[in-house]
Amino acid sequence: MQLAPQITFRHMEASSAMEDAIRNRIAELDQFHHHIMSCRVVMEPESRHSQSGNIYRVRIDVTVPGRELVVSRESGMNQSHADAYVAIRDAFDAMRRKLDEDVQRRQGEIKHHDTPPHGKIVELSAREGYGRIATLDGREIYFHRNSLINASFDSLELGAEVRFAEEAGDEGPQATTVSVVGKHHVVG
């Protein structure tokens, strides 16, 4: 870690035992993810209840190259967080999961779903019941009126944006399903 960790106790007295527990958890994170630049931890009582005592909130801010990861473990009145060490454990477990996601993202292990192919309608033959879609890469894709899944063929207009699934047909590429893109969609 490039910067020394910062541990703050708000609205409560600092405890060397709690601080040691937090420092041990920070050291574990640093061993798990070798690119942590800084770590700030704030511990505070969320509320004061005479019957149940304090319920603790733990906030952890970790800086890694290009990102800041934050965990705010608010109890939602979770009675297990009346134990400060349980609140600390839960917050650091959540931060470890975030760091794991960051590692996977950096290594490209998180799958990104490709957007379906899309284009614009450039030809319609009402009498024959077919049309053609111009794709962004300059190809033309044939589709039949029965391929439409969220519109009627008669309501289509030239220039309408569509998404489609494509397969090889007898006379070239053809769309097996065609879906008109609504105005709230952004096609990029």
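Residues numbered from 1 in each chain as written. Predicted model: local features only at pLDDT ≥ 70, side-chain atom pairs only at ≥ 80, totals over all residues. Heavy atoms only, no water.

Visitor: I'd like to hear about the environment of M43, residue by residue, with values.
Guide: Examined against the element boundaries, M43 turns out to sit in strand β2 (residues 38-49). For the pair M43 and R59, spaced 16 residues apart in sequence, the C-alpha separation works out to 6.6 Å. Beyond its immediate sequence surroundings of up to four residues, M43 is in contact with T8, F9, R10, M12, M18, I22, Y56, R57, V58, A84 and I88. (Helix = DSSP H or I, 4+ residues; strand = E, 2+ residues; numbered from the N terminus. Contact = heavy atoms within 4.5 Å.)

Visitor: Any chance you could break down the confidence of the model for the protein for me, citing the residues and the numbers?
Guide: Across the protein, the average pLDDT comes to 84, with 86% of residues at or above 70. Under a pLDDT of 50 for its full length, residues 184-188 has, in the predicted model, eight contacts with residues more than four places off or in other chains. (pLDDT = per-residue confidence, 0-100.)

Visitor: Could you give an account of the side chain of S38, naming the residues involved and the relevant values?
Guide: Locating S38 in the fold gives a position in strand β2. A polar contact is formed between the side chain of S38 and the side chain of R40, at a distance of 3.1 Å. Beyond its immediate chain neighbours, meaning those up to four positions away, S38 contacts M1, L3, D61, V62 and T63. (Polar contact = N/O pair within 3.5 Å; in protein donor to acceptor, adjacent residues only side chain to side chain.)

Visitor: Got a sec to walk through the nonpolar core? Specific residues and values, please.
Guide: By size, the foremost hydrophobic cluster in this structure holds 25 residues, and its most contacted members are I22, M43 and I60. Contributions of two or more residues to this core are made by β1 (6-9), α1 (16-32), β2, β3 (53-64), β4 (67-73) and α2 (84-107). Here this core takes eight residues from α2, the largest share from any one element. If near-sequence neighbours (up to four positions away) are discounted, I22 is found in contact with I7, F9, V41, M43, I88 and F92. (Core = buried A, V, L, I, M, F, W, Y, C linked by side-chain atoms within 4.5 Å. Buried < 20%, exposed > 50% of the residue type's maximum accessible area, 1.4 Å probe, protein only.)

Visitor: Give me the side chain of S147: which residues, what numbers.
Guide: Tracing the backbone through its elements, the reader meets S147 in the loop between β7 (140-144) and β8 (161-169). On the basis of relative accessible area, S147 is assigned to the buried category, the value being 8%. If sequence neighbours within four positions are ignored, S147 has contacts with A175, T176, T177 and V178.

Visitor: Before we move on, can you summarise α2 with the specific residues and values?
Guide: The first and last C-alpha atoms of α2 sit 35 Å apart over 24 residues, in line with the 34 Å expected at 1.5 Å per residue. Every buried residue of α2 is accounted for by A84, V86, A87, I88, D90, A91, F92, A94, M95, L99 and D102. Looking at where α2 begins, the residue whose side-chain oxygen comes 2.9 Å from the main-chain nitrogen of Y85 is D83. (Expected span 1.5 Å × (residues − 1).)

Visitor: Got a sec to walk through the packing of α1 against α2? Specific residues and values, please.
Guide: To describe two helices that pack against each other, one gives the angle between their axes and the distance between the axes. Running from amino to carboxyl end, α1 crosses α2 at an angle of 15 degrees, the nearest separation of the two axes being 11 Å. As the angle between them shows, α1 and α2 are arranged roughly parallel. Like other packed secondary-structure pairs, α1 and α2 cross with a definite hand, here right-handed. Residues A17, M18, A21, I22, R25, I26, L29 and F32 of α1 touch α2, and the partners they reach there are A84, Y85, I88, R89, F92, D93, M95, R96, L99 and D100. Taken together, the residues of the contact of α1 with α2 sort by class into 13 nonpolar, no polar and five charged. (Axes fitted to C-alpha atoms, helices over the stretch in contact; angles between N-to-C directions. Parallel < 35°, antiparallel > 145°, perpendicular 65-115°, else oblique. Left-handed = near helix turned anticlockwise from the far one by under 90°. Nonpolar A, V, L, I, M, F, W, Y, C, P; charged D, E, K, R; others polar.)

Visitor: Quick one: what's the story with the pairing of strand β6 (residues 130-135), residue by residue and with numbers?
Guide: Taken together, the six bridges between strand β5 (residues 118-125) and β6 define a ladder with antiparallel strand orientation. Counted as the bridge partner of E123 is R132 from β6. Between β5 and β6, which pair antiparallel and follow one another directly, the connecting turn spans four residues, one of which, G129, has a positive phi of 75 degrees. Summarising the sheet, β6 and β7 pair through five bridges and their orientation is antiparallel. Its bridge partner being in β7, G131 is matched across the sheet by F143. Between β6 and β7, which pair antiparallel in sequence order, lie four residues; one of them, G138, sits at a positive phi of approximately 90 degrees. (Pairing = 2+ DSSP bridges.)

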